[in-house]
Amino acid sequence: MIDPPRPEAVEAVRKAHEAGNRVIMIMITGDHKATVLAIAKELRLAVSEANVLSGHQTDKMDNHKLQEKLRDVSVFARVNPDHKTRIVECLQSMNYVVSMAGDGVNDAPSLSKADIGVAMGITGTDVSKEAANIILQDDNFSTIIRGVEEGRNVYHKIKRVIAFVCIAQLANVLAFIIISVITKIKPFDSVNILWFNLVIETLMSISIGLGNNDNGLMLEKPRSKKETFFTNSLVTILYLAFVTAASVIGTFFIGKNIFHNIEDAKIATILVMACSPVIFAFAIQLPNYRIKTQYNVAPTNYYLLGASLIALILNFLMVYTPGLNLIFLTTTKEYKFDTSPLLSWQMTVVSLGMMVLPLLMLLGYDAFRKLIRR
């Protein structure tokens, strides 16, 4: 008689191993050593008996020795509940995030001790289900891997949206404060800020979250426990926020000091501030937009492409449509225009140039970093 592993389990183990040398998969069972080794070979968890330890052998080791063995041993046979719990504790002391899957009463202590306990919903005992954090409804190991993949994608999408919003808000605040302090003129009013936040940024943020999953994330190493949303991205966020604010401020002062038209300067400033999120959403690689990695090419985010087109159309309609511009460009009302003001062609050209400035600056920044690394 033979009870071979499911084909999807073999594929799931392979997929988990692709995440790099910081992922360790260990089989812990009470079965005989020879039986376990045969199954482990099919799963590609073990090559020879050197990769297998028995519970009796672990009893002769202290925790330090067992931790060293865990770097090479991926299968444990003839173990009892205490052995399972000890293995989990040793892995945790090595700074691993430990997930333990089991279905029996003897798995309950280790399921409870692990960072993430996973019980089987069909064959699992009530005790194991009570001790676990997650219950698999299909008793399929590959479901765990799919859950990890989905979790990584959700985390990265949330991180992208947070970074996007931080850049937009910081740039907005910096531009408003600097222009107001220097010139005593408000570059945009509350209705403009509501337009930025509730219409443009909301539209872009939702589209980033709706993007297709990136299968390449399963090829990356697990993130550290100490990693925050701003790890490895804070410099880019600050850089793009300051560059975006600089482009908005530059637009205002070009209109005010070069073309000597404060009304045009305000309208152009609002247009650049409203369109900049569309540009830097791609510039900082927030969406899955043809980002080529060492592993694959991420799928195109068509939601973001559509949202970007809609946002640009809405922004230009806000400026160039008679009637709408008097509603949204409230700064013009202070100057009591009798007719609907349109942005001059000179300031339109300036605005378009300033919109792409964050993208050009980031490309230059990346090129400079690559040059330094050489």
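Reading the values: rules and limits
- Residues numbered from 1 in each chain as written.
- Predicted model: local features only at pLDDT ≥ 70, side-chain atom pairs only at ≥ 80, totals over all residues.
- Heavy atoms only, no water.
- UniProt positions renumbered as here; feature names shortened; annotations may be inferred.
- 1 Å grid on protein atoms, 1.4 Å probe; cavity = no way out; pocket = protein on both sides within 12 Å on 5 of 7 lines; lining within 4 Å.
- Points joined across faces, edges and corners; volume = space filled by probe spheres on them.
- Nonpolar A, V, L, I, M, F, W, Y, C, P; charged D, E, K, R; others polar.
- Buried < 20%, exposed > 50% of the residue type's maximum accessible area, 1.4 Å probe, protein only.
- Helix = DSSP H or I, 4+ residues; strand = E, 2+ residues; numbered from the N terminus.
- Pairing = 2+ DSSP bridges.
- Right-handed = clockwise from strand over helix to strand, strands pointing away.
- Salt bridge = Lys/Arg side-chain N within 4 Å of Asp/Glu carboxyl O.

- Under the Subcellular location (unreviewed entry) heading, UniProt states for the protein: "Cell membrane".

Observations concerning the layout of surface pockets
Line of reasoning, step 1. Counted as a void, the second largest pocket has a volume near 210 Å³.
Line of reasoning, step 2. If you trace the second largest pocket, you find 16 residues lining it, with I24, M25, R71, D72 and S74 closest to the centre.
Line of reasoning, step 3. For the lining of the second largest pocket, the class distribution of residues is nine nonpolar, four polar and three charged.

A look at the pairing of strand β4 (residues 99-102)
Line of reasoning, step 1. By the alternation rule, side chains of β4 split into M100 and G102, which are all buried, and S99 and A101, of which none is buried.
Line of reasoning, step 2. Bridge analysis of β4 against strand β5 (residues 116-120) gives four bridges, and the strand direction is parallel. Within the sheet, the bridge partner assigned to A101 lies in β5 and is V118.
Line of reasoning, step 3. Considered for its hand, the β-α-β crossover made up of β4, helix α6 (residues 108-113) and β5 is right-handed.

Observations concerning the pattern of salt bridges
Line of reasoning, step 1. The final tally for this structure, using the stated rule, is four salt bridges.
Line of reasoning, step 2. Residue R14 is joined to E11 by a salt bridge in which the shortest nitrogen-to-oxygen separation is 2.2 Å. Here R14 pairs with E11, and both are found in helix α1 (residues 7-17), just three residues apart, close to one helical turn.
Line of reasoning, step 3. Here E11 falls in the partly exposed class, since its relative accessible area comes to 40%.
Line of reasoning, step 4. Residue D189 is joined to K186 by a salt bridge in which the shortest nitrogen-to-oxygen separation is 3.4 Å.
Line of reasoning, step 5. The buried category is assigned to D189, whose relative accessible area is 12%.
Line of reasoning, step 6. The class of K186 is partly exposed, set by a relative accessible area of 45%.

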